[in-house]
Amino acid sequence: MGDMKRAMTLSEKIIARAAGKKKVQPGEIVTCAVDLAMMHDSSGPRLAGKMLDELGVPIWDVDKLVVVTDHYVNLPDETYVRMQTHAAEWCKSHGVKHFIQDKGICHIVLPEYGHVRPGLFCVGADSHSTTAGALGAFMVGIGASEMTGVLATGEIWVRVPETARIEVKGRLGAGVAAKDVVLKICGEHGIMGFDYQVVEFCGSGVDAMPVEDRLTLTNMAAELGAKTGIIAPDAKTAETLAAWGAGKVDVKAWRSDADATYAKKIVIDGAALGPQVAAPSSPENAADVAEHAGTKLDQAYLGACTGAKVEDLRMAAKILKGRKAAKGFRFLVAPSTARMRERAAAEGTLKVLEDAGATILPSGCGGCIGMGAARLPENAVGISSTNRNFLGFWVEAPKVSRARTA
Amino acid sequence: MTHAPIEGRAWKYGDNIDTDLLAPIGSYAGTTDAELAAGAPQCLRALDPDFAKGVKEGDIFVAGANLGIGSSREAAPLFLKLLGIRVVLARNFARIFYRNCLNIGLPALACAEADSIEMGDRLSVDPTAGTAENLTQKRTLACEPLPDHLMAMLADGGLLPHLEKRLKRRA
């Protein structure tokens, strides 16, 4: 070859391709063509959709848009029913090809329905859109006006972020999962510890992780202040994506160059890591679960895009098999997606949880955003597998702790 | 691109003011502008119930680190704007909230010395120059100036009017 080629990280390679450039540098502002845009029933039709209509232009490319309803689902309130109807009608009248209604949380549904592939440049109108990075795509969260701009033009401006590398050394122990890794990092580096950087997860601990669990690492890049999270795809990624209907994918092309420049490199001892719990009201209040031993709980919520995928449900079932929730204790389970619920039911996992006293709730975001049956009552103490524990996120009382339940 | 200096009274809060505090769950449902606007009085209800009651047209919102962490909901900066806030200063911002502010035409400036501002101080903020004059304390605070493409968008009133202009030019 002989040409001077700047080594690039995986994220820089994807941004460069989307910007139609050979290379990009951190700090540079570029305009990228969007390969995939996702919006849900809260950010989508009623907000971005409405603003697009006010602009009076069509969706730039209906093949590249996915609309998911997951926020205002299963709520017995007239407003929400109206919002669902509005979303469905907007999608129909605008020729939206990929409208996925009531099938689970958008960040898991999007890859589960075969829309995410390594190397894609994606945007989502939700802060946890970072999740798709676990499959080797670059995906960032944006607001509704920004999504309107994407719907109208298919483009978005980006300041090329630096990349921080987080190496998880060693396979995680029994009862420890991706959620513990992120909480540990968040506890040490803070909720803005990786401000505007991309966090790239790697190492033997990540290699050993099921792809479903990797989704939690990148989901919670948002809780590290990062622009997004990313993981280079491997054979496991290809296998999972094939099962999800994404077709054959090129996993070799999408990885960081060996001599790429990182803003920082962090190593976390995966083998030594124990379960983590974040106390109210920030994920950065993470500590070993032992520090909370003896805390009396009123409710446990096993749900969300972070904590109720089949792998998570299995982990909980393993611990709860043959046990029973105490009288008066609310144990709520909302599988991340409908397909995952079916898988967990078919293999008997859900039955174990139900036998332990779980109430199985419909899939959706309700529990995380303090809506519906999983809302924590005032002055109650709860633990949950969600990604955030901000004041006002689950309840407006500071007496809430949350973490992965298993 | 220029933006006229904005003079007003500061509402000063601390670090980590998240989007759930700014736009609590349940405050931004519905499908119409009127329904969305009806939620604005809920802004900051869990932190300072006096804010939404007392804030006046032309006031300035000031916070410490990580302003707007959390969700991508645009209602968070929109409620500030609907309540009359004309410029937002913070030591630093969560990235989606920052873009959301500018996209809805609400100038947002990173100001390393934002912590020195006190509740009720009179400020004069010049987004173009990237400065904030604290008229009460008689001191000038340096802010990070906005890149040209964002100043151009703000001058048009935000992303949508900016796009409208661009699309018209193209047609």
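### Details of the overall build of chain B
1) Next: Within chain B one finds 7 helices and 7 strands.
2) Next: Secondary structure of chain B in N-to-C order comes out as β-α-α-α-β-α-β-α-β-β-β-β-α-α.
3) Next: Radius of gyration (C-alpha) of chain B: 15 Å, near the 16 Å computed for a compact globule of 171 residues.
4) Next: Here the C-alpha coordinates of chain B stretch approximately 50 × 40 × 25 Å along the principal axes.
5) Next: Looking at the 171 residues of chain B, the share that counts as buried comes to 59%.
6) Next: Total accessible area computed for chain B in this model is approximately 6700 Å², and 53% of it derives from carbon and sulfur atoms.
7) Next: Counting 19 positive and 21 negative side-chain charges, chain B places the centres of these two groups 5 Å from one another.

### What to know about the packing of aromatic side chains
Two aromatic rings are characterised by how far apart their centres lie and by the angle between their planes.
1) Next: The tally for this structure, following the rule as stated, stands at 8 aromatic pairs over all chains.
2) Next: Each ring, one from Phe93(B) and one from Phe97(B), has its centre 6.5 Å from the other, and the planes form 15°; the classification is stacked. Like Phe93(B), the residue Phe97(B) is buried in the burial classification.
3) Next: Every member of this aromatic cluster is reached through a ring pair, and the members are Trp11(B), Tyr13(B), Phe51(B) and Phe61(B).
4) Next: Over the aromatic face of Trp157(A) sits the side chain of Arg99(B), whose NZ or CZ is 3.8 Å from the ring centroid.

### Quick look at the confidence of the model for chain A
1) Next: For chain A, the mean per-residue pLDDT works out to 92, and 95% of the residues sit at or above 70.
2) Next: Every residue in residues 393-406 of chain A scores below 50 in pLDDT, and together they form 86 contacts with partners more than four places removed in sequence or on other chains.

### A look at the pairing of strand 8 (residues 163-169) of chain A
Residues and elements named next belong to chain A.
1) Next: With 5 of its 7 residues buried, strand 8 lies for the most part within the structure.
2) Next: Where strand 8 lies against strand 9 (residues 198-202), 5 bridges are found, and the strand directions are parallel. For Ile-166, the partnering residue across the bridge sits in strand 9 and is Phe-201.
3) Next: This β-α-β element, strand 8 to helix 6 (residues 178-189) to strand 9, shows right-handed connectivity.

### Digging into helix 5 (residues 144-153) of chain A
One full turn of an α-helix is made of 3.6 residues, so residues set three or four places apart face in the same direction.
Residues and elements named next belong to chain A.
1) Next: Along helix 5, 10 of the 10 residues are buried, which leaves the element largely enclosed by surrounding structure.
2) Next: Here helix 5 has its buried residues at Ala-144, Ser-145, Glu-146, Met-147, Thr-148, Gly-149, Val-150, Leu-151, Ala-152 and Thr-153.
3) Next: Two residues or fewer past helix 5, Gly-154 is found with a positive phi of approximately 75°.

### Examining the nonpolar core
1) Next: Counting residues in each nonpolar core, the largest one holds 164 residues, and the members touching the most others are Phe121(A), Val123(A), Met147(A), Phe51(B), Phe61(B) and Leu80(B).
2) Next: Per element, the largest residue contribution to this core is 6 residues, and it comes from helix 6 of chain A.
3) Next: When residues of this core are assigned to domains, at least three map to each of domain 1 (11-269) and domain 2 (277-405) of chain A.
4) Next: Apart from the residues lying within four places of it in its own chain, the contact partners of Phe51(B) are Trp11(B), Tyr13(B), Cys43(B), Leu44(B), Phe61(B), Leu80(B), Leu83(B) and Ile85(B).
5) Next: Formed by 14 residues, the second largest nonpolar core is a distinct cluster that contains Leu302(A), Ala317(A), Val333(A) and Ile383(A).

### Focus on the pattern of salt bridges
All names here are of chain B.
1) Next: One pass over the full model with this rule turns up 28 salt bridges over all chains.
2) Next: A salt bridge links Arg-122 to Glu-7, with the nearest nitrogen and oxygen atoms 3.7 Å apart. With Arg-122 in strand 5 (residues 122-126) and Glu-7 in strand 1 (residues 6-12), this residue pair connects regions lying 115 residues apart in the sequence.
3) Next: On the basis of relative accessible area, Glu-7 is assigned to the partly exposed category, the value being 49%.
4) Next: One salt bridge in this structure joins Asp-115 and Arg-91, with 2.5 Å as the shortest N-O distance.

### Digging into the environment of Gln25(A)
Residue and element names in this part refer to chain A.
1) Next: With respect to the helices, strands and loops of the structure, Gln-25 is situated in the loop between helix 1 (10-19) and strand 1 (29-33).
2) Next: Put simply, Gln-25 and His-40 are 15 residues apart on the chain and 32 Å apart in space, counted from C-alpha to C-alpha.
3) Next: With residues near it in sequence (within four places) discarded, Gln-25 still touches Arg-6 and Val-160.
4) Next: Among the polar contacts made by the side chain of Gln-25, one reaches the side chain of Arg-6 at a distance of 3.3 Å.

### Some words on helix 11 (residues 310-320) of chain A
Residue and element names in this part refer to chain A.
1) Next: Considered for burial, the residues of helix 11 that qualify are Val-310, Asp-312, Leu-313, Met-315, Ala-316 and Ala-317.
2) Next: In the core, the buried residues of helix 11 are packed alongside helix 8 (211-219), strand 14 (299-302), helix 10 (304-307), strand 15 (330-333), helix 12 (338-346) and helix 13 (349-355).
3) Next: Note on helix 11: the residue one or two positions beyond its end, Gly-322, has a positive phi of about 85°.

### Structural notes on the sheet that holds strand 2 (residues 60-63) of chain B
Residue and element names in this part refer to chain B.
1) Next: The 7 strands lie next to each other as 4-3-2-1-5-6-7, forming an open sheet whose pairing is mixed. Looking along the sheet, the strands with just one partner apiece sit at the ends: strand 4 (108-110) and strand 7 (139-142). In this sheet, neighbouring strand axes are inclined to one another by 30° on average, regardless of whether the strands run parallel or antiparallel.
2) Next: Relative to strand 3 (residues 87-90), strand 2 is paired through 4 bridges, and the arrangement is parallel. Paired with Phe-61 across the two strands is Val-88, which belongs to strand 3.

### Points about the sheet that holds strand 15 of chain A
All names here are of chain A.
1) Next: If you trace the 4 strands from one edge of the open sheet to the other, you get 16-15-14-17, paired in parallel fashion. What marks the edges here is a single partner per strand, and that holds for strand 16 (359-360) and strand 17 (382-384).
2) Next: Both strand 14 and strand 15 contribute to a ladder of 4 bridges, which runs parallel. Across the sheet, residue Ala-300 finds its bridge partner in strand 15, namely Phe-331.

### Quick notes on the interface of chain A and chain B
1) Next: Contacts between chain A and chain B engage 47 residues on the former and 40 residues on the latter.
2) Next: For the pair chain A and chain B, the two sides together bury roughly 3500 Å², of which 57% comes from carbon and sulfur.
3) Next: Its salt-bridge partner being Asp33(B), residue Lys50(A) comes within 2.5 Å of it at the nearest N-O pair.
4) Next: The tally of links from chain A across to chain B stands at 15 residue pairs in polar contact (both at pLDDT 80 or more).
5) Next: Grouping the constituent residues of the side of chain A that touches chain B by class yields 24 nonpolar, 12 polar and 11 charged.

Conventions we followed
- Residues numbered from 1 in each chain as written.
- Chains lettered and ligands numbered in written order.
- Predicted model: local features only at pLDDT ≥ 70, side-chain atom pairs only at ≥ 80, totals over all residues.
- Heavy atoms only, no water.
- Helix = DSSP H or I, 4+ residues; strand = E, 2+ residues; numbered from the N terminus.
- Rg over C-alpha atoms; globule rule 2.2 N^0.38 Å.
- Buried < 20%, exposed > 50% of the residue type's maximum accessible area, 1.4 Å probe, protein only.
- Areas by Shrake-Rupley, 256 points an atom, 1.4 Å probe, with all protein chains shown as cover.
- Lys, Arg positive; Asp, Glu negative; His and termini not counted.
- Charge placed at Lys NZ, Arg CZ, Asp CG, Glu CD.
- Phe/Tyr/Trp six-rings, centres within 6.5 Å; stacked < 30°, edge-to-face > 60°.
- Lys NZ or Arg CZ within 6 Å of the ring centre and 35° of its normal.
- pLDDT = per-residue confidence, 0-100.
- Contact = heavy atoms within 4.5 Å.
- Pairing = 2+ DSSP bridges.
- Right-handed = clockwise from strand over helix to strand, strands pointing away.
- Core = buried A, V, L, I, M, F, W, Y, C linked by side-chain atoms within 4.5 Å.
- Domains from an automatic or database assignment.
- Salt bridge = Lys/Arg side-chain N within 4 Å of Asp/Glu carboxyl O.
- Polar contact = N/O pair within 3.5 Å; in protein donor to acceptor, adjacent residues only side chain to side chain.
- Axes fitted to C-alpha atoms, helices over the stretch in contact; angles between N-to-C directions.
- Buried area = accessible area lost by both parts, 1.4 Å probe.
- Nonpolar A, V, L, I, M, F, W, Y, C, P; charged D, E, K, R; others polar.

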